[in-house]
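This is what each chain is made of:
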Amino acid sequence: MFLTEVIPLTKIPRQGPSPFFYFTSQKLNKGSLVLVSLRRKEVFAIVISQKDVKETKLELKTVNYQLKPIKEVLINEEIIGFPFLDLAQWISEYYFSSISNSLLLFLPQKIVKKIVKKDGFNFPKIKPQLEEKNFLKPKVFISKTGFLPKDEIKNVLREGRQILFLFPQILQKTFWENNFKKISSSLIFWSPQTSIKKFFNNFQKVRDKEVQIIFGQISALFAPFCDLGLIIIFDPENSSFKAKKEPLFNTKDVAQKMAQMLNIDFLQLDSFLSLENYYLKSKNKVKIIKENNNLLSADNQTNKKSILNFSKLKFIERSQGEKFNPISEQFFNKIQSYIEKNKKVILFLNRKGVSTSVFCQDCGFTIKCKDCNLPLTYHLKKEKPYLLCHHCGRESNVPSYCPNCGSWQMRNIGVGIEGVEKFLKEKFKENGDQVSILRLDKDSISSKEVIIENFSSDKKTILLTTKLIFNFPEITADFVGIVSLESLLSLPNFKAKEEALKIIHNLNIIAKEELALQIFSQKNDFHQLLKDNQFSQPKIFDIFLQERKLFFYPPYSSLIKLTFLDKNLKRAIEAGEKLKNDLEKIRDFLKIPQENFQVLGPAPAFVAKRKQNFVFHILIKENLDDINKRNKILRIIPPSWEIDIDPIQVI
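Residues numbered from 1 in each chain as written. Predicted model: local features only at pLDDT ≥ 70, side-chain atom pairs only at ≥ 80, totals over all residues. Heavy atoms only, no water.

Draft legend 1. Region of interest: the pattern of salt bridges. Inspection of the entire model under this criterion finds 24 salt bridges. Linking Arg 394 and Asp 371 is a salt bridge whose minimum nitrogen-to-oxygen distance equals 3.1 Å. Here Asp 371 lies in the loop between β17 (357-360) and β18 (377-381) and Arg 394 lies in the loop between β19 (384-388) and β20 (395-396), a separation of 23 residues in the sequence. What makes Arg 394 partly exposed here is its relative accessible area of 33%. Relative accessible area serves as the criterion here: at 15%, Asp 371 is assigned to the buried category. Connected via shared salt-bridge partners are Glu 421, Lys 425, Arg 439 and Asp 441. (Salt bridge = Lys/Arg side-chain N within 4 Å of Asp/Glu carboxyl O. Helix = DSSP H or I, 4+ residues; strand = E, 2+ residues; numbered from the N terminus. Buried < 20%, exposed > 50% of the residue type's maximum accessible area, 1.4 Å probe, protein only.)

In structure tokens form, the structure reads like this:
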């Protein structure tokens, strides 16, 4: 009789027993597929290990549930092994999620059902390299969008090995597909959203090495690679690379771990040197390479050279006493001068709607979403006004009077992209100019081909857009204007300044002649920072790092965001206070210095309500080297709390 350790292929709470133990008289191979009973249901499971019952008396005593027999051995051979099992284990440990949830990334139900039918949909068998590995330093290529490291790609293709290319947004699919076709026709797009027939056809092609280049979004990480020789990720810091469901992993980190396990190159392509990579370069942990293959060393002399080039950037400061409009008189004159020359203009504002909120001038009451407690944005649809919550999508009518005090003095405040569109149409109409105003945002994305075609025509055209523009690297303009510097810094996020700098940098690439940045406030610290340091990225990043170090933010710590929801406000606050006390107690019990494990909060989330639940956060800042010690602390967190390791946002 054997005690058999298995991983059930079903969603398991992180606090649940993992892995599970069953008994059987049959000798089973690691990675084989069995059927077990769990919570009165029959589920598939992967075998991890087996021991003779005679040797496992101690383990049997620690099992806190009744052992059951394995229902059925479906396939007694390894259907999934190295590196897939090992990577699932790492994801589980690092992101503090159950191993079952991690393994489901590789083995979703439709794959397992095919395996059971013995249609040959098992993962390829890859032997781990037993010799000691030399860690290959990640390489970061700083380049314009569209650049591919052809030498590295061709070397891997010549060896007959596979290449994984990851990109963040589905809108970029055609662009990258066309770029890769110039190098090789052995190319496949990996997506679980394709038809079942096409998905399994792609599965077989990847597993049987019928294709060499596999490109896709997050899910492509978990394709059945047979002989992976290179991993490339484009725009690695993009928020779309953060998983939305548990396990809440970061794609870049998982990809880097896979490359490390396989001892292959891991390349990052970015138009902008991130603060993290700038820091890692100073520690000699990454190689930074410019597009012309010029390696930037980590010595101080080289660090004084800036990768940024803001020679085209001009600031437009609003004149004191000038009547408020989304586009100042000076800014409008600049736009008009380019339009008169029949040159293309792009205006950037990453805010939707006509106005960002509606409030009462008498009592100060702001119209908010009943579910999320966020200010509702004022929109126009065919000239008919309505209010929209951009978090949950709730729509409501615009009130004629204040719901709080009954006043008729309701006013719209803040500027959204629709408000800029409305203002420009009226302004050009007053001047008698025939100018086409186009808008490219999430509301108009279904007509993107028509919009891009019209913008490319000979007509006098202005394109209003959001961050969506970065998904279309083929779009450029003679003049690019940022409607509001302040809007780039509107969210209270520790990464806000770095992200604002990246947006300015990427818009600077789009601008052929000039990039103008409109400033509403004369006392803008970020504006002053850019001017004082002459747009030198090393100087600016050194200041950013000083701030991060002072407040114990990454890269000097790792962040863990804990989230709790409750319909009762008092209960939510009490749960947060109790958990904070418990975390500090176990930290002190383990003799961890307070400065190495800081617990902040509880505090209301930026989006204070979610589906009528109050949302509270606790933020942990830690720099523990021992992940087991970190996880020992996290195990006291109740299942009702969400745990997000290395969150994109802390608000």
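Draft legend 2. Spotlight on the confidence of the model for the chain. Averaged over all residues, the pLDDT of the chain equals 88, while 92% of them reach at least 70. When the elements of the chain are averaged for pLDDT, helix α10 (residues 300-303) gives the smallest value, 35, and strand β8 (residues 162-166) the largest, 98. Scored below 50 in pLDDT, residues 293-307 shows 30 contacts in the model against residues more than four places distant or in partner chains. (pLDDT = per-residue confidence, 0-100. Contact = heavy atoms within 4.5 Å.)

Draft legend 3. The environment of Ala 575, seen in detail. Of note, Ala 575 is situated in helix α18 (residues 569-589). The class of Ala 575 is partly exposed, set by a relative accessible area of 21%. Separated by 27 residues in sequence, Ala 575 and Pro 602 place their C-alpha atoms 8.9 Å apart. Apart from residues no more than four positions distant in its own chain, Ala 575 is found in contact with Phe 564 and Trp 641.

Draft legend 4. Structural view of the packing of helix α16 (residues 525-532) against helix α17 (residues 537-550). Contact pair α16 / α17: the axes reach a minimum separation of 9 Å and the direction vectors enclose 135 degrees. The orientation of α16 relative to α17 falls into the category oblique. Of the two elements, α16 crosses α17, and the hand of that crossing is right-handed. Taken together, the residues of α17 that come into contact with α16 (itself represented by Phe 526, Leu 529 and Leu 530) are Ile 540, Ile 543 and Phe 544. (Axes fitted to C-alpha atoms, helices over the stretch in contact; angles between N-to-C directions. Parallel < 35°, antiparallel > 145°, perpendicular 65-115°, else oblique. Left-handed = near helix turned anticlockwise from the far one by under 90°.)

Draft legend 5. The arrangement of the sheet that holds β19 in detail. Read from one edge of the open sheet, three strands run β18-β19-β20, paired in antiparallel fashion. Every other strand in the sheet has two partners, leaving β18 and β20 as the edge strands with one partner each. Bridge count between β19 and β20: two bridges; the pairing is antiparallel. Bridge assignment links Leu 388 to a residue of β20, and that residue is Glu 395. (Pairing = 2+ DSSP bridges.)

Draft legend 6. Up close: a positive patch on the surface. On the surface, Lys 150, Lys 154, Arg 158 and Lys 182 cluster together into a positively charged patch. Following the sequence through the fold, Arg 158 ends up in helix α5 (residues 150-158). Among the residues examined, Arg 158 registers a relative accessible area of 62% and is labelled exposed. (Patch = residues over 30% accessible without salt bridge, like charges linked within 9 Å, V, L, I, M, F, W, Y side chains within 5 Å. Areas by Shrake-Rupley, 256 points an atom, 1.4 Å probe, with all protein chains shown as cover. Lys, Arg positive; Asp, Glu negative; His and termini not counted. Charge placed at Lys NZ, Arg CZ, Asp CG, Glu CD.)

Draft legend 7. Broad picture of the state of the cysteines. Counted according to the given criterion, the structure contains zero disulfides. Take Cys 402: it sits in no disulfide, and the sulfur closest to it among the cysteines is that of Cys 363, at 3.7 Å. For Cys 402, a relative accessible area of 1% corresponds to the buried category. (Disulfide = S-S within 2.5 Å.)

Draft legend 8. Highlighting the packing of aromatic side chains. Scanning the model with the defined rule gives 31 aromatic pairs in all. Ring plane angle 65 degrees and centroid distance 6.0 Å describe the contact between Phe 84 and Phe 106, whose orientation is recorded as edge-to-face. You can see Phe 84 sitting in helix α2 (residues 84-94) and its partner Phe 106 sitting in the loop between α3 (99-103) and α4 (109-116), a full 22 residues away along the chain. By the burial criterion, Phe 84 is buried, and Phe 106 matches it. Ring centres of Phe 106 and Phe 222 lie 4.9 Å apart, and the angle between their planes is 85 degrees; this geometry places the pair in the edge-to-face category. Here Phe 222 lies in the loop between β10 (213-216) and β11 (228-234) and Phe 106 lies in the loop between α3 and α4, a separation of 116 residues in the sequence. We classify Phe 106 as buried; its relative accessible area is 2%. According to the relative accessible area criterion, Phe 222 is buried, its value standing at 6%. Taken together, the ring pairs in this structure connect Phe 84, Phe 106, Phe 123, Trp 190, Phe 199, Phe 200, Phe 203, Phe 222 and Phe 249 into an aromatic cluster. (Phe/Tyr/Trp six-rings, centres within 6.5 Å; stacked < 30°, edge-to-face > 60°.)

Draft legend 9. View of the pairing of strand β2 (residues 20-24). Residues Phe 20, Tyr 22 and Thr 24 line the buried face of β2, whereas the alternating positions Phe 21 and Phe 23 sit on a face that is not buried. Sheet topology places strand β1 (residues 2-8) next to β2; five bridges connect them, and they run antiparallel. From the neighbouring strand, Glu 5 faces β2, where its bridge partner is Phe 21.

Draft legend 10. Representation of the environment of Asn 284 within the structure. With respect to the helices and strands, Asn 284 occurs in the loop between α9 (275-282) and β13 (287-290). Judged by its relative accessible area of 48%, Asn 284 falls in the partly exposed class. As for Asn 284 and Lys 137, which are separated by 147 residues in sequence, their C-alpha atoms are 8.8 Å apart. A polar side-chain atom of Asn 284 sits 3.2 Å from a polar atom in the side chain of Lys 137. (Polar contact = N/O pair within 3.5 Å; in protein donor to acceptor, adjacent residues only side chain to side chain.)

Draft legend 11. Representation of the sheet that holds strand β3 (residues 33-38) in the model. Spatially, six strands are ordered β5-β2-β1-β4-β3-β6 in an open sheet, and the strand pairing comes out mixed. Looking along the sheet, the strands with just one partner apiece sit at the ends: β5 (68-69) and β6 (72-75). Where β3 and strand β4 (residues 41-52) come together, six bridges link them in antiparallel fashion. Across the sheet, Ser 37 pairs through a bridge with Glu 42, a residue of β4. Sheet strands in contact with α4 are β3, β4 and β6, and its direction is about 70 degrees off that of β4.

Draft legend 12. Region of interest: helix α11 (residues 329-340). With 12 residues, α11 should cover 16 Å at 1.5 Å per step; its first-to-last C-alpha distance of 16 Å lies within 8% of that length. Those residues of α11 lying buried are Phe 331, Phe 332, Ile 335, Gln 336, Tyr 338 and Ile 339. Each buried residue of α11 lies within a common arc of 160 degrees when the element is viewed along its axis, so the set occupies one face. Buried-residue contacts for α11 involve β15 (313-317), β16 (345-348), α12 (417-431), β23 (461-465), β24 (477-482) and β25 (511-519). Positive phi appears at Asn 342, one or two residues downstream of α11, with a value of about 60 degrees. (Expected span 1.5 Å × (residues − 1). Arc of directions from axis to C-beta.)

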